[in-house]
Amino acid sequence: MAISKDLIQELLRECKTPADLLGENGILKQLSKELIEAALGAELTDHLGYSKHENGTKPTDNRRNGSTRKRVRSDQGDMEIEVPRDRDATFEPMLIGKHQREIPGFSDKILSMYARGMSTREITEHLKEIYGTEVSPQFITSVTDGVVEHLEAWQNRDLDEVYPIVFFDAIIVKARENRRVQKCAIHLALAINLDGQKELLGLWVSENEGAQYWLSVITELRNRGVRDILIAAVDGLTGFPDAIRAVFPKTDVQLCIVHAVRNSLKYVSYKERRAVATDLKQIYSAATEEAALGALQEFGATWDAKYPTISKSWRERWTDLVPFLQYPDEIRRVMYTTNAIESLNYNIRRVTKTRSAFPTVESALKLVFMVIQNIEKKWTMPIRNWGQARNYLAIKFEGRVPA
């Protein structure tokens, strides 16, 4: 609905300073108050079935009964409004409920600030400084606790029967447990679904990342409806591929090349890292597995004298490092690295790093979930060249990809 420009000019005519418009007693706040009270009055009219000064027979014996003054929080500061009453006390306002103490949207602002990494105390100070509204940290905690119900429903939702690609990884955060600050692992499963869209399947928390715990995560995915995963991309955690195959025996497991390169460079001198990384790239960028094996042999001939453990570690994990080489470029770019989930982890860490330690494990999980909800809004497009990739997968995994 467009607002008349003449009306706007009339309202602004008396504004001499910014405070006249946006201040504690400014026009914007006064206008909000008048609109809210008018809306509440319209709600009561609808509830009673007749207008305020309507004459004649009324459809009910219930009548208006004055109003009650109520102080509410808003994004323009605290505001006193007049809430109309009825004699039978049956009127339940929808705009601002009987026990509601903030204007709709105020809680959303708190959730938005929390999801961007602000602590409850920082949010309290921000609301006081910007809006002149005083709220306690306990109130903010109660608002954010409302997210837990959505988290539980999301975590227990039914999943698709088939996912072409799933990335598994974990991030480490610190949280207080039994009065001690301890590290805990938040496990994530990020899928590419049959439409080529990213979809986070769930969040799980344990004291540390281990193959045994991952087995319980993968089992839960099956219990929630997943019947097949074509390709699983994982980090180099020992026993992880076996945990996946225990539940999904037909799944192709791909170890993350990025993790493998990182681990290889861990003990390389700073001056030689670029050269070692360049030679490693010859392995994972090869056109075929045979060419990749030849590149590994050349790498060993060049670097084994100084860094013998690098080529050895690649050979030991060769079976799980090279599955991507049998795929065309459209799929290789997606599966040979866990970049998709690394990008997700980066955005999560960018928020969680503002907390030296969370007050509880549950608060850490709550924040990560809220961050993910914001990130998922940007996942609107399928991955590049997904149509070609899906056609290839349908042929390679014949009978396992729904039409």
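Up top is the structure these notes are about.
Counting from 1, residues in each chain are numbered in the order their sequence is written. Under the rules for a predicted model, residues below a pLDDT of 70 receive no local features and side-chain atom pairs below 80 are neither given nor counted, while totals for whole chains, interfaces and linings still include all residues. For the side-chain quantities, the full set of heavy atoms in the structure was used; hydrogens and water were omitted.

With respect to the pattern of salt bridges
Only one rule defines a salt bridge in this text: a Lys or Arg side-chain nitrogen within 4 Å of an Asp or Glu carboxyl oxygen. Enumeration over the complete set of coordinates arrives at eight salt bridges. A salt bridge links Glu-80 to Arg-69, with the shortest nitrogen-to-oxygen separation between them at 3.8 Å. Of the two residues, Glu-80 sits in strand 2 (residues 79–86) while Arg-69 sits in strand 1 (residues 64–72), which places them 11 residues apart along the sequence. Burial status follows relative accessibility: with a 1.4 Å probe on protein chains alone, a residue under 20% of its type maximum counts as buried, one over 50% as exposed, and anything between as partly exposed. Classification of Glu-80 by relative accessible area gives partly exposed; the value is 36%. Arg-69 sits in the exposed class, given a relative accessible area of 59%. A salt bridge links Asp-228 to Arg-400; its shortest N-O distance comes to 2.7 Å. Here Asp-228, found in strand 6 (residues 228–234), pairs with Arg-400, found in the segment after helix 17 (386–396); they are 172 residues apart in sequence, far enough to count as distant. Linked through salt bridges whose partners overlap, the residues forming this network are Arg-69, Glu-80 and Glu-82. Under the DSSP-based scheme used, a helix requires at least four consecutive residues in state H or I and a strand at least two consecutive residues in state E, with every element numbered from the N terminus.

Quick word on the packing of aromatic side chains
The relation between two aromatic rings is expressed through the spacing of the ring centres and the mutual angle of the planes. In this analysis, rings of Phe, Tyr and Trp, with Trp reduced to its six-membered ring, are considered paired at centre separations within 6.5 Å, and the interplanar angle assigns stacked below 30 degrees, edge-to-face beyond 60, and tilted for intermediate values. Applying the stated criterion across every chain, the model contains six aromatic pairs. Judged by centre distance (5.2 Å) and plane angle (55°), the rings of Trp-154 and Phe-369 are tilted. Here Trp-154, found in helix 6 (residues 137–155), pairs with Phe-369, found in helix 16 (residues 361–376); they are 215 residues apart in sequence, far enough to count as distant. Its relative accessible area of 11% is what places Trp-154 among the buried residues. An angle of 65° between the planes, with centres 6.0 Å apart, marks the rings of Tyr-327 and Tyr-392 as edge-to-face.

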